[in-house]
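# Descriptive structure summary
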Amino acid sequence: MLRMRTLVLGLLVLWATSFGISPGNLKFVEYPGFDEKHSTWGSIGYSAKYDKVIIGVCNHINKVAIYEYDCAKGTMSLRNWVAKGGHLQPFQWQAKIHTPIVENKKDGWMYFGTDAGESKAEYYMDHPDGYVGGFFMRYNPKTFELEALGQGLKQQSLKELQIDQIRQRLYGIAYPSAHFLIKDLKSDSLYDKGGLNKGHVSRVLFTDDWGNAYYNDIRGHLVKYQADADSFIFALDSLPHYPTTEGWIIRTGMRAWARDKDTYFIMTHWGRLLSFIPQEKGLGPVGNIGDLWEDPSRSVDSVISAGAPNLACGANHKLYYWVGGHGHYLLPDTAVFIECDPKTKNKTILYKFPIKTVMECTGSQIVDKRGNIYFAARRNAGTRSYGESGTSEPFLIIFNPQKELK
Amino acid sequence: MNIMNHIACGALALGLTVPVAAASKSEQYFKGVFGQDSAVDLAHPKKEGKTLPVGGANIRAIVQTGKYIVGVTAPQYPNKSPCIFRFDVQKGALEDFTDFNTLKKPGVVPSHALVAGDSGLAYAGTFGNGQTGELLEINSTGAAVAVKTLGKIRDKEGVFTVAISPDKKTLYGILYPSNAFFAYDFAKRTAAVFDETVFDAVTRDMISQVHSGEEEPYCKALGIDVSGKVYGSTGQGMLFRFDPVAKKIEMLNLQLPYIPWRVHTNRVESWVNGPDGMLYGGTSIDGFLFKLDPKTLMLVNLGKPNSAGNLKSMVIIDNTIYGLVGEGAHFPQMFSYNLKSGGFDVLGLISISIPMARTRYTAYAAKSILRLPDGRVVISEEDLLPSLIFMKL
């Protein structure tokens, strides 16, 4: 019932459609059975092996649920809990999952890391009675099992995670020190490669087909972990930005990524879309696709950020992203959904929603085999407020630019 | 008190999700904050200017010699060599560096202290891997920083830490892995070694039982009082004193403060000379601050700044101790202790502007604090991408 109400409300405020995209291309799905649910934080991933989308839904205090969306059946199910499945003790509380949930193509498990939620962790920064630290974890979409694989750094969250599919290693970013961690799944060894950004813990880490990882430093320079050489390569130039863009924005760097074959796309904190072509050795070329939304009536720095990190490339080779969140919106209290053709750099607003319908969305390149794109979304719930970031209620958005969804 | 500004903005620099209402305020704050307090990056690879190698830049110790800050690094990555660098204080830039490959002694790392001698010279030592370590003389006065070895103190032993006499004629130190004390005469180029400070069998057994890190129990810092006597620690956190006139070691029957059962690896982590003739010291495992009266040999435990251990470095400015406490997961924080009124203030993580990135950053691995003649302090970082952080306290 709630699902229907939300969908109808969303459609009522539909602003525009283009290229044949209609209200039927969009679908909202609720998370059942978790009254305290508050938010999702990029905690989403697609299991190609089992054709399921896995989402970590939290109360942002101490409860994190694992949901499955069965892409074929169109059903959403609550499958497990981080604390229960991971056999965590109360003192090992975890507030959320802030990493993507990444499929290991070798074993089919979905890997992720856990997080404290900033305020609570930092309030107790002077330990020993605070946050014990985030865990590497994995979830099995076939058996619904969840396993804790051990902690990252003591008393620090895991903010990002990706997998070197070749070497079977997890890459992680610790919070707040932004240390780059490597967890070898074969030997169960943990390697700390040191801190990469003391200005901000950037929220994007992605890998290429050679198992290299990409992050950014405090200057907004791309940093590549060259896996075969076990060393870092630092770009000598910052990712493209305006000369007036301030350092405290640049330090955040990348916010989301997408991929179309060999080309990656990057959304930056300063509202820019970039292309990037990784190379086996060294860094690759970076191209500029322009601002997320180019409006001559606005100053170049007026859109500080996308607000919430999300980006996906559809089967039609076009980029799709929501702009809005954390107080930053193109229009007052309105989230907009944009289509961008990276070849022409043309951007088109497809939908506009008030924040009570769509407040912000996360997720990088969560696309199933049908071309459906998934976003872990939140709406301003009005009354519900748990933990940080105020009132919020999470739900799943499904979008397909090429066909209507049932 | 501009340090309070640093602390107040620590949350922002930590990367806290900025509440909507605070976003515009933080934007305003970050404009035009680059004053006399700033951090100079040493290792981010860049187009112009020298940088220390990533993975080999973790700063272990610094000292000022003339217009330079000289530093030694202990690499984070095993395939990197320690470096010796000099930093021009007035230019605010890394001048140059050399690495330990020039010493042709693979596997050794720098001692835990670096001292300034006469004529722009600095001294350090090396130890590690069971090899014979050496004394190093670092000359920062020439066209390039130059390092030469002064030889070993004793076969199969390295130099764990060093201190220098007030007249700059004698270098004192601790050997590794014995914890023996030595006094090196610059003029004669000879060293006298004193084995009274070597760990006894009981200590070694206790250390073995608690499975501590190899370096943990060794005396990391030597203090020197106004009369020139040298103070350090041996097993079970017991203090000793060396009399340079009598050339004798005296065991003081004074034990460093510790939390019960946490004694076997306790040691002095840092010393600073007070204006009142007292020596102030910090302990390792529990992070206590203590006062030692060299005349009466009374030791007073002044307490702990916070729950962290490793009270690792201190300076005194205007009757106030400023120091760093914490290590590893327990991020180092700055504290102050007023010598007149007593009482600690915990000033928090060090968060400061870094012009390179036009923003602020937070030092999660602050290592040592050094007072400069111009009234500022400089803080070094033991980190992958370290900076030298200059502050006016």
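- The name given to chain B in an unreviewed UniProt entry is SMP-30/Gluconolactonase/LRE-like region domain-containing protein, and the organism recorded there is Candidatus Raymondbacteria bacterium RIFOXYD12_FULL_49_13.

### A word on the overall build of chain B
- A tally of helices and strands in chain B yields four helices and 31 strands.
- A total of 393 residues make up chain B; the buried ones form 60% of that total.
- The long-range fraction of contacts in chain B, counting pairs at least 24 apart against all pairs at least 6 apart in sequence, stands at 47%.
- Of the roughly 15,400 Å² of accessible surface on chain B, 51% is carried by carbon and sulfur atoms.

### Concerning the nonpolar core
- In this structure, A:F180, A:F232, B:I69, B:F85, B:F87 and B:L388 are the most contacted members of the largest nonpolar core, which totals 38 residues.
- Where this core is concerned, the elements lending two or more residues are β11 (169-175), β12 (179-184), β15 (213-216), β16 (221-226) and β17 (231-238) of chain A together with β2 (59-65), β4 (83-88) and β31 (387-391) of chain B.
- Not counting residues within four places of it along the chain, the set of residues in contact with B:I69 comprises B:I62, B:V63, B:Q64, B:F85, B:R86, B:F87, B:V89, B:L372, B:V378, B:L388 and B:F390.

### Points about the sheet that holds strand β20 (residues 279-283) of chain B
All names here are of chain B.
- An order of β19-β20-β21-β22 is seen for the four strands of this open sheet, with the pairing classed as antiparallel. Two strands close off the open sheet at either side, each with one partner strand: β19 (268-273) and β22 (299-303). For this sheet, the mean angle separating the axes of adjacent strands, direction not counted, is 25°.
- The sheet contact formed by β19 and β20 spans five bridges and is antiparallel. Looking at the pairing, V268 lines up with T283 of β20.

### Quick look at the side chain of A:H269
Residue and element names in this part refer to chain A.
- Within the element layout of this structure, H269 appears in the loop between β19 (263-268) and β20 (272-276).
- On the accessibility criterion, H269 (12% relative accessible area) is buried.
- Within the local environment of H269, its side chain forms a polar contact with the side chain of R255, the two groups lying 3.4 Å apart.

### Quick word on the environment of A:A308
Residue and element names in this part refer to chain A.
- Along the chain, A308 turns up in the loop between β21 (286-291) and β22 (310-313).
- Judged by relative accessible area, A308 falls into the buried class, the value being 0%.
- Along the primary structure A308 and G327 are separated by 19 residues, whereas in three dimensions their C-alpha atoms are 9.6 Å apart.
- Residues in contact with A308, not counting those within four places in the same chain, are R255, M267, W322, G324, E360 and C361.

### What to know about the pattern of salt bridges
- Within the structure shown, the criterion is met by 39 salt bridges over all chains.
- For A:D107, the salt bridge goes to A:R138, with nearest N and O atoms at 3.5 Å. Placement of the pair is A:D107 in the loop between β6 (102-103) and β7 (110-113) and A:R138 in strand β8 (residues 135-139), with a sequence separation of 31 residues.
- A relative accessible area of 18% means that A:R138 is categorised as buried.
- In this structure, B:D155 and B:K152 form a salt bridge, with 3.4 Å as the shortest nitrogen-oxygen distance.
- Exposure remark for B:D155: the relative accessible area of 47% places this residue in the partly exposed category.
- A network of salt bridges, in which partner residues are shared, links A:D51, A:D368, A:K369 and A:R370.

### What to know about the layout of surface pockets
Residues and elements named next belong to chain B.
- Here the largest pocket is characterised by a volume of approximately 1,200 Å³.
- If you trace the largest pocket, you find 38 residues lining it, with L114, V115, W271, M314 and L370 closest to the centre.
- Where the lining of the largest pocket is concerned, the elements lending two or more residues are β2, β7 (115-116), β11 (158-164), β15 (223-224), β19, β23 (311-317) and β29 (366-371).
- For the lining of the largest pocket, the residue count by class is 22 nonpolar, nine polar and seven charged.

### Section: the packing of aromatic side chains
All names here are of chain A.
- All told, the structure shown has 48 aromatic pairs over all chains when counted by the stated rule.
- For the pair W322 and F375, a centre-to-centre distance of 6.3 Å together with 85° between the ring planes defines the contact as edge-to-face. In this pair, W322 is assigned in strand β23 (residues 319-323) and F375 in strand β27 (residues 373-379), connecting sequence segments 53 residues apart. Of the two residues, W322 and F375, neither departs from the other in class, the shared state being buried.
- Centroid distance F337 to F375: 5.8 Å. Interplanar angle 80°. Geometry classified as edge-to-face. With F337 in strand β24 (residues 334-341) and F375 in strand β27, this pair connects stretches of sequence that are 38 residues apart. In this pair, the class of F337 matches that of F375, namely buried.

Conventions used here
Residues numbered from 1 in each chain as written. Chains lettered and ligands numbered in written order. Predicted model: local features only at pLDDT ≥ 70, side-chain atom pairs only at ≥ 80, totals over all residues. Heavy atoms only, no water. Helix = DSSP H or I, 4+ residues; strand = E, 2+ residues; numbered from the N terminus. Buried < 20%, exposed > 50% of the residue type's maximum accessible area, 1.4 Å probe, protein only. Contact = heavy atoms within 4.5 Å. Areas by Shrake-Rupley, 256 points an atom, 1.4 Å probe, with all protein chains shown as cover. Core = buried A, V, L, I, M, F, W, Y, C linked by side-chain atoms within 4.5 Å. Pairing = 2+ DSSP bridges. Axes fitted to C-alpha atoms, helices over the stretch in contact; angles between N-to-C directions. Polar contact = N/O pair within 3.5 Å; in protein donor to acceptor, adjacent residues only side chain to side chain. Salt bridge = Lys/Arg side-chain N within 4 Å of Asp/Glu carboxyl O. 1 Å grid on protein atoms, 1.4 Å probe; cavity = no way out; pocket = protein on both sides within 12 Å on 5 of 7 lines; lining within 4 Å. Points joined across faces, edges and corners; volume = space filled by probe spheres on them. Nonpolar A, V, L, I, M, F, W, Y, C, P; charged D, E, K, R; others polar. Phe/Tyr/Trp six-rings, centres within 6.5 Å; stacked < 30°, edge-to-face > 60°.

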